[in-house]
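# A closer look at the structure
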Amino acid sequence: MDDAGFILGSYLLTFGAMVAFAWRTIRIGRRLGRQVPDEEKHWR
Amino acid sequence: MTTTTPTDHGTASEAGRAGTGTRATRVIGIAAIVMLAWLTLFGLVLSPADRDQGEAVRIMYVHVPSVWLAYLAFVVTAVASAGHLFGRRHSLGFDRFAGASAEVGVVFMAVTLVSGMLWGRITWGVYWQWDARLTTTALLFLSYVGYLAVRSLEGSHAQRARRSAVIGLLAVLEIPLVHWSVRLWRSLHQEATVLNTDLDVQIDGLMLFSLFVGVIAFSLVFLWFVLHRSRAMALADSMDDRRLDLAVAARRAETGNG
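Residues numbered from 1 in each chain as written. Chains lettered and ligands numbered in written order. Predicted model: local features only at pLDDT ≥ 70, side-chain atom pairs only at ≥ 80, totals over all residues.

### Quick look at the overall build of chain A
Selection criterion: The way it works is that DSSP assigns letters per residue, a run of H or I at least four long becomes a helix, a run of E at least two long becomes a strand, and they are numbered from the N terminus. The exposure scheme places C-beta atoms from the backbone and then counts, for each residue, the other C-beta atoms within 10 Å of its own, assigning buried at 20 or more, exposed at 12 or fewer, and partly exposed in between.
Each helix and strand counted, chain A has one helix and zero strands in total. Dimensions of chain A, computed from C-alpha atoms along their principal axes, come out at roughly 55 × 15 × 5 Å. Per-residue burial over chain A gives 27% buried out of 44 residues.

In structure tokens form, the structure reads like this:
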């Protein structure tokens, strides 16, 4: 495949950004969730 | 003065339950992962090379869904901002949804810009040109970085919501300018292949299907992110309120007015 580095790089960048943002999102949610009682979590 | 902090509810072992996930978000997350795997298969293996772009067309299968997601996120931000500003109750739920959506949009607009640069390096021979589409896209990105900066300013939740809602409603007006920049000005960037104004879709069926898979996958990703982030923002606001209540109670106790 021509230009494989750029093509694979674009996929790695996209999926890497998703994973990093998902990791941060879950981590923040869990940290805050431990400090707030369940009755204040409207999704429960 | 005593230092007061909100109570820690639960232990690390309860972290999963204590977070922002529900059965619905887990289902959405799994569906998104499956669709992303399909996208990778179609984008990198099954779809054909393009007559003009060659293999570089494969970048389109992540670039186009990324910009779709960013546009979707910014439109949702505007709709939720309107819900806050014009709703009878001025609900902070709308504000948090707007903020969460803008965050996701900024991340994917950054992905769009960088994946577009990689495509430009192959197709045009340069990473960046001060072309109408690229420049307006960069301005749109910076506008929403500004939106997020305004959200983090000092003030009450209601003040934050009102300020950012106004910006969320103004910034979304840039999207038509970005989309039609390739027609309004002479641009290196190609016109829209699928969502063009002539409604004339000239694209190989497998390429169109790969793009479709990408758009569905990224829409699921958006939904997952926005639900988690808006819930995390609700938790953060709740913590702020409790800190304020504790500080007021401590102050009253100190002055003997409690």
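Still more ground to cover, so stick around.
### Some thoughts on the interface of chain B and chain A
Bring the parts together and some accessible area is lost; that lost area is often taken as the interface size. Stated precisely, the cut-off is as follows: Each residue is represented by a C-beta atom placed from its backbone, and any two residues with such atoms within 7 Å are regarded as in contact. Under the scheme applied here, ten amino acids are nonpolar (Ala, Val, Leu, Ile, Met, Phe, Trp, Tyr, Cys and Pro), four are charged (Asp, Glu, Lys and Arg), and all others, including Gly, are polar.
The partner chain A presents 27 residues to the 37 residues of chain B that form the contact. If you list the elements that add at least two residues to the side of chain B that touches chain A, you get helix H1 (15-18), helix H2 (23-46), helix H3 (60-86), helix H4 (92-123) and helix H8 (205-255) of chain B. Tallying contributions element by element places H8(B) first for the side of chain B that touches chain A, with eleven residues. A per-class count over the side of chain B that touches chain A returns 19 nonpolar, twelve polar and six charged.

### Some words on the nonpolar core
Short version of the rule: Joined through C-beta atoms within 7 Å, a set of buried Ala, Val, Leu, Ile, Met, Phe, Trp, Tyr and Cys residues constitutes a nonpolar core.
Among the nonpolar cores identified, the biggest contains 65 residues, and B:Ala73, B:Tyr144, B:Val221 and B:Phe222 are the most heavily contacted of them. Where this core is concerned, the elements lending two or more residues are helix H1 (4-33) of chain A together with H2, H3, H4, helix H5 (132-151), helix H6 (157-171) and H8 of chain B. Looking at this core, the element that brings in the most residues is H8(B), giving 16 residues. Sequence-distant contacts of B:Ala73, that is, excluding residues within four places in its chain, are made with B:Ser101, B:Ala102, B:Val104, B:Gly105, B:Phe108 and B:Phe222.

### A closer look at the environment of B:Arg163
With respect to the helices and strands, B:Arg163 occurs in helix H6. With ten residues separating them along the chain, B:Arg163 and B:Leu153 place their C-alpha atoms 9.7 Å apart.

### Things to note about the environment of B:Leu206
All names here are of chain B. Mapping Leu206 onto the fold places it in helix H8. Leu206 sits 158 residues away from Pro48 along the chain, and the two C-alpha atoms are 7.5 Å apart. Discounting residues that sit within four places of it in the chain, Leu206 has contacts with Leu46, Ser47 and Pro48.

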